[in-house]
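Descriptive analysis of the structure
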Amino acid sequence: MKKTLHSSPLFLMIESVYPSLTKAEQKVADKVLAEPEEAVFYTITDLAEKSEVGETTVIRLCRKLGFKGYQEFKLSVVQNVSSPTERIHGDIQEDDSLLTIAQKISNLNTRTIQNTTALLNEESLHRSVSLLSDANKIFFFGVGSSGITIRDAKYRFMRLGFNVEAETDAHIIAMNASLAAKGDVVVGVSASGSTKDLVDAIRIAKGNGAAVICLTNHIRSPITQYADVVLLGSSRENPLQGGAFASKLAQIHILDILSTGLAFRHKEKTYDALEKTAKSVLDKLY
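Residues numbered from 1 in each chain as written. Predicted model: local features only at pLDDT ≥ 70, side-chain atom pairs only at ≥ 80, totals over all residues. Heavy atoms only, no water.

1. Remarks on the packing of helix α2 (residues 23–34) against helix α5 (residues 55–64)
As a packed pair, α2 and α5 sit with axes 9 Å apart at the nearest point and diverge in direction by 80°. By the angle between their axes, α2 is roughly perpendicular relative to α5. For the pair α2 and α5, the contacting residues are Ala-24, Glu-25, Val-28 and Ala-29 in the first and Thr-57, Val-58, Arg-60, Leu-61 and Lys-64 in the second. A class-by-class count of the residues in the contact of α2 with α5 yields five nonpolar, one polar and three charged. (Axes fitted to C-alpha atoms, helices over the stretch in contact; angles between N-to-C directions. Helix = DSSP H or I, 4+ residues; strand = E, 2+ residues; numbered from the N terminus. Parallel < 35°, antiparallel > 145°, perpendicular 65-115°, else oblique. Contact = heavy atoms within 4.5 Å. Nonpolar A, V, L, I, M, F, W, Y, C, P; charged D, E, K, R; others polar.)

2. Regarding empty space enclosed by the protein
Summed over the entire model, instances satisfying the criterion amount to one cavity of 30 Å³ or more. When its volume is computed, the largest cavity comes out at roughly 40 Å³. Around the largest cavity sit Val-32, Ala-39, Tyr-42, Leu-47, Tyr-70, Phe-73, Lys-74 and Val-77, which together line it. The biggest single contributor to the lining of the largest cavity is helix α6 (residues 70–81), with four residues. Its residues placed into classes, the lining of the largest cavity shows seven nonpolar, no polar and one charged. (1 Å grid on protein atoms, 1.4 Å probe; cavity = no way out; pocket = protein on both sides within 12 Å on 5 of 7 lines; lining within 4 Å. Points joined across faces, edges and corners; volume = space filled by probe spheres on them.)

3. Quick word on unusual backbone geometry
The bulk of non-glycine residues show a negative phi, and the bulk of peptide bonds are trans. Not every positive phi belongs to a glycine, and Glu-52 is a case in point at roughly 60°. Among the structural elements, Glu-52 can be located in the loop between α4 (44–51) and α5.

4. Observations concerning the packing of helix α9 (residues 122–134) against helix α13 (residues 245–265)
Put simply, α9 and α13 touch, their axes get as near as 10 Å, and they point 60° apart. If you check the angle between α9 and α13, you find them oblique. Like other packed secondary-structure pairs, α9 and α13 cross with a definite hand, here right-handed. Contact residues: Leu-125, His-126, Ser-128, Val-129, Ser-130, Leu-132 and Ser-133 in α9; Ile-257, Leu-258, Gly-261, Leu-262 and Arg-265 in α13. When grouped by side-chain class, the residues that make up the contact of α9 with α13 number six nonpolar, five polar and one charged. (Left-handed = near helix turned anticlockwise from the far one by under 90°.)

5. Thoughts on the packing of aromatic side chains
Applying the stated criterion across every chain, the model contains four aromatic pairs. Measuring from centroid to centroid gives 5.7 Å for Phe-67 and Phe-73, while their planes differ by 65°, and the two rings are edge-to-face. Between Tyr-70 and Phe-73, the aromatic rings sit 6.3 Å apart at their centres with planes inclined by 45°, giving tilted as the arrangement. Taken as a pair, Tyr-70 and Phe-73 lie in helix α6 at a separation of three residues, close to a single helical turn. (Phe/Tyr/Trp six-rings, centres within 6.5 Å; stacked < 30°, edge-to-face > 60°.)

6. Let's talk about helix α8 (residues 98–119)
Between its first and last C-alpha atoms α8 spans 31 Å; for 22 residues at 1.5 Å apiece the expected length is 32 Å, and the two agree. Residues of α8 that are buried make contact with β5 (229–232) and α13. (Expected span 1.5 Å × (residues − 1).)

7. Topic: the side chain of Gln-26
Along the chain, the position of Gln-26 falls in helix α2. On the basis of relative accessibility, which here comes to 18%, the residue Gln-26 falls in the buried class. Setting aside anything within four residues of it in sequence, one finds Gln-26 in contact with Tyr-18, Pro-19 and Leu-21. (Buried < 20%, exposed > 50% of the residue type's maximum accessible area, 1.4 Å probe, protein only.)

8. Here we look at the confidence of the model for the protein
Confidence in the prediction of the protein, expressed as mean pLDDT, is 87, and 91% of residues score 70 or more. The weakest mean pLDDT in the protein belongs to helix α7 (residues 84–89) at 45; the strongest belongs to strand β1 (residues 138–141) at 98. Note on residues 84–89: pLDDT is under 50 here. Beyond four places in sequence and across chains, it has 13 contacts. (pLDDT = per-residue confidence, 0-100.)

This is how it looks when you write it as structure tokens:
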């Protein structure tokens, strides 16, 4: 067993049960003990691959430690490796002035957008714009914080004149996925890429012949198994930072690129739609 620098309850518990673990489970424990600060950002797929074991081994370890699943275990890791302030606010300190906080957040957001742009490649962008351009109907699926993002996406794409839906309720997402067909495009938005309700729906839509584009922060996450195109955002969140604005900025940045690409491909259609939708709300403004 690799020595841990932490003496918190979780790590003491791991050390306590370590002798009773299988060799494969010990490899997972070793990885978490050796890299706890990095482990808080790992998906279950990441941790399994880095430990050179299967995902079921990770689940077994979590349950032997008394957790219901991997997400509950990862939350405990976060709580055991950092102070309450660090868990939620990263390198922002309680005694920072508001101007210092503003500068740190500006630096983070700028870096997030720059890194997201660096992760994009022209082939994936062209493929995404082509699929969306030819779609009979575009479905945006997202839950939680990503569900808020897709509302913005629906607004933008609808104003450009495209037939689009955005669903955030798990049941409605599942029903829409069951109705999606060849010629439709489903855009799944999930920072973690591991949200079960979303992954299950994407699998159903893919099985029906719909094309799938996914926006996620993790290239090896479950949602990517069913994607025709994967577009990566660059923003890391631990479980206590879920819904961070940096992740939303990465998602919005990608969606802005896609919608702009579509607008240039369909200049007349989008200009006409923008003009009509603008006129439709003129009497709603003073």
